[in-house]
Structure formats: structure tokens, C-alpha cells
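Coordinates in review
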Amino acid sequence: MTTRRSTDGPLQRAGAHAFVLQGGGALGAYQAGVYAALSEHPKALPKWVAGVSIGAINAALIAGNAAEHRVDRLRAFWELVSSSPAQHLPQWLANRATLNQWSANLASLYGIPGFFKPRLSPALLLGGAAPVLSYYDTSPLKSTLESLVDFDRINAAEVRLSVGAVNVRTGNSSYFDNDDGKHTTRRIGPEHIMASGALPPGFAPVEIGDDAFWDGGLVSNTPLQYVLDKHPRRHPLTVVQVDLFSARGAMPHTLSEVLTRQKDITYSSRTRMNTDVLAANVNLQQAIADLMDKLPAALKRDASVKAICEQLTHAPVDIFHLIYRDKAYEGDSKDYEFSRATMEEHWDAGMRDMHMTLSNPAALRRNGDVNGVTTFDLGEGGAVRIKRPHADPAEEQIA
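Cut-offs used in this document
For every chain, the first residue of the written sequence is number 1, and numbering continues from 1 along that sequence. At least 70 in pLDDT is required for a residue's local features to be given in this predicted model, at least 80 for side-chain atom pairs to be given and counted, and no such filter applies to totals for whole chains, interfaces and linings, which use all residues. Working from all heavy atoms in the structure, the side-chain values ignore hydrogens and water. Only Phe, Tyr and Trp rings are paired, with Trp represented by its six-membered ring, and only when their centres lie within 6.5 Å; those with planes under 30 degrees apart are stacked, over 60 edge-to-face, the remainder tilted. Numbering of helices and strands runs from the N terminus, with a helix taken as a DSSP run of H or I at least four residues long and a strand as a DSSP run of E at least two residues long. Only protein chains enter the accessibility calculation, which uses a 1.4 Å probe; a residue whose area is less than 20% of its type maximum is buried, one above 50% is exposed, and one in between is partly exposed. Cation placement over rings: the criterion is NZ of Lys or CZ of Arg within 6 Å of the ring centroid and within 35° of the ring normal. Whether two residues touch is decided by their heavy atoms; if any such pair falls within 4.5 Å, the residues are in contact. Salt bridge criterion: a side-chain nitrogen from Lys or Arg within 4 Å of a carboxyl oxygen from Asp or Glu. Here, nonpolar core means buried Ala, Val, Leu, Ile, Met, Phe, Trp, Tyr and Cys residues that are tied together by side-chain atoms lying within 4.5 Å of each other.

What follows covers the packing of aromatic side chains. What the rule picks out here adds up to 14 aromatic pairs. Aromatic pair Phe116 and Tyr136: ring centres 4.9 Å apart, planes at 65 degrees, arrangement edge-to-face. Of this pair, Phe116 sits in the loop between α4 (96-110) and β3 (117-118) while Tyr136 is found in strand β4 (residues 136-137), placing the two residues 20 residues apart along the sequence. Take Phe116 and Tyr136: they sit in the same class, and that class is buried. Aromatic ring contacts, followed pair by pair, group Phe77, Trp78, Phe115, Phe116, Tyr136, Phe203 and Phe338 into a single cluster. Over the face of the ring belonging to Trp347 we find Arg75, whose NZ or CZ atom lies 4.0 Å from the ring centre.

What follows concerns the environment of Thr275. Along the polypeptide, Thr275 turns up in helix α10 (residues 271-292). Spatially, the C-alpha atom of Thr275 lies 8.2 Å from that of Thr375, the residues being 100 residues apart in sequence. Apart from the residues within four sequence positions on either side, Thr275 is in contact with Leu224, Gln241, Ile319, His321 and Thr375.

Below, the discussion takes up the pattern of salt bridges. Overall, the coordinates contain ten salt bridges when judged by the stated rule. With a shortest N-O distance of 3.3 Å, Asp152 and Arg187 are connected by a salt bridge. Of this pair, Asp152 sits in helix α6 (residues 151-155) while Arg187 sits in the loop between β6 (173-177) and α7 (190-196), placing them 35 residues apart in sequence. By relative accessible area, Asp152 is classed as exposed at 54%. For Arg187, a relative accessible area of 56% translates into the label exposed. One salt bridge in this structure joins Arg352 and Asp353, with 2.9 Å as the shortest N-O distance. Residues participating in the shared-partner salt-bridge network are Arg75, Glu79 and Glu344.

Attention now goes to the nonpolar core. The biggest cluster of nonpolar side chains holds 69 residues, and the ones touching the most others in it are Phe19, Ile57, Phe77, Trp78, Phe115, Ile193 and Val240. The residues touching Trp78, leaving out its near neighbours within four places in the chain, are Gly25, Ala26, Gly28, Ala29, Ala32, Ile54, Asn58, Phe338, Met343 and Trp347. Counting 18 residues, the second largest nonpolar core, distinct from the first, contains Trp48, Tyr226, Ala279 and Val373.

Right under this line is the structure:
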């Protein structure tokens, strides 16, 4: 019960590729940089893009444009949201950490171009009793999405798009998907992308039909589980998972560092641990299927045994896991600090990390004929952590 694989590395093979994008506000420029580097390799372009919050916006910009225009549209969005005078403070004015904090403070006061603006309502003077549902108005984002994203292209399902949100009334996670894999489609519009990024209390819930939705990151800040659940188990899959918060970090020593660390832990969805648990579950199922494949022929023909094997067998899944880790000038406002200098650094870091992953021979070499999940995790110093199916944890490779 194995699936034959080509001699090319998983990212170099044509086939099913998914781009999985975590939420993280201003940090999302890192994801755009990762895609810019990935776009240099036509065989690696995703056929499925899944995102939450800012990841949903980046996903829409990718799925809603022709391949040759995607990087330009991503660049246009990130330059727009970093275009106000407050985001171009001269470098001689203060040290970098102070400039970043000023940029974040001014964003809180005046909003972000093409994204959100303050809700100027006297009702806010009532504080917690104010009959409004958010501090900011995201109508500028709707206009931005309509100008940069071709929703007719999205709804033609040339690229599968899945964006996560949370139903305000039920508290359950929901995914808006232009192709559920059963030859039926759901029409996606700007409101679905905005719902995925409607983080309270900054942004109001977005009404879709009879329901209202908030940011998908309130339940899970990464759509990896959704992608693995929905992908047909008999088909190989390559996933590029781009996370914006690192679950691992140093012990804080100041109040600002406490708030920064708290945000990392809250929104990381446990990053590496989450991916490892998902991979371990899939690989355990595959190990059981492999064991059942060794049963005597008479037992293997039993209908119940065949049904169980069908459910437990997974074709090879390769997950390339990139986590944004550059934090030299960042504090607890890093997810709403949209200065142009910071945006450029995030973008460049994404390109650098993807190029390092693409050039690593250990990550790109053929992984044999083994079903299950293999993870390639770019860590500190450019080392790639490789976990293969059925491998003893002590034998984990660091390339």
C-alpha cells in the first residue's frame, strides 16, 4: 500500500500543492515574501490556498489573480497599507524600536490606509456600554479587496481557496471554500475574506446570510487541520505552511516582553507542536494500515478490513513549515505596526527563508516510497529539521 514517487524533490514536482497561511496582522508581509520566492518555481505554485485573518487576505490576493500578476498584487496591497506619512518616519528621528512603537500608536489613532479607519462615534464615550461592536471601520478593506482581487476568478475555482472564520453565535469554526471537493462550489466575495479577519473588539463581526462571523484565529490560527482533513487521502500532497508567531521564545524581562510573549503563545496555535501532533496522528494511522496489509490474504479480502485500510491509508504528505522569527525591533504591537521599513523587512525575511528551504538538498531530495507525513521545518540558523514517517524521535535529522 505504497505510492510511487518521482525522483524530484516534493516542491519541484508538479502535483497537489497547498499554501497554508496563519493570521498575524502586519506580520503577513512575511507570507507575501515567501510566496514571491515560491513563485520563481512554476511547478511549486499552489493549487490550493488556505488562510486565516491576514492569511485569508494574502490567500485571496493569490487565488484571485493570474499567476503572473500575484506578486504584483501582493506588493500593491502591502505598499498601500504601509503608505501613510506616519509609516514613513525618518530613521534619524529616533531608534528603531521607538519608531516602530510610534508607527503602531499612530495606526491605533488614525487607522491604516486601505484597511481600517477609526469609528468616529460619540457612542464610544460610553465605554463598555457603547452600542457599537468595534473601534474601527473596515470598509476601506472592502474597497481594497474589490480593486486587487478578481472574485470571478476565485469563484471559477482555478485555485481552491479556503478561509477560516468563527460563527459569533455558536462559537464554532467555519470555512468558506470555493470548492468542497465534491464538485460543488460556494460563492466567495469580499465579505468572506473580511469575516476571516474581523478580530474583535477592533473589527466588527461580518454578517453573511443569517450569521455573523469573527476572525478565525479566535478558535484556530492555522488552517492546516482543515487542509489535511479535506484533502483526499489517496492523493499525494505538498504543503507550504507559513506561521507568523513562534510558540518558542525567551523568558521575558519587561512588561512589553511579557505582552509580546503572551501574544506569541496565544496566536501560534502551538506552531511546531501542532504540526507534529497532526503528523503523528496521520503516521500512526498509516502504520496500522501497513500492519494490516501484512495479514493473510483471506483476512485482507474481508470487507471490514478493506474498509479500515481505505480509511487509514495516507499517500505521502510533505509539509514545509516556515515560522517567522526575526524580532530585533519588535514588541507587543508587532501585529499592527505597518511601517514601510518593517513591511519590507518582513517581506525580505519571507523570501530569504523560502530560498533557504528551496536550496537545502536534504529537504528537497527524494523521500523514498513511504506513505504518511514528512515535515521539513526551517529553524534558527537555517537548519532544516526533518521528521519522516515511522522514524524514532531520536533519529530526527537536522540538516
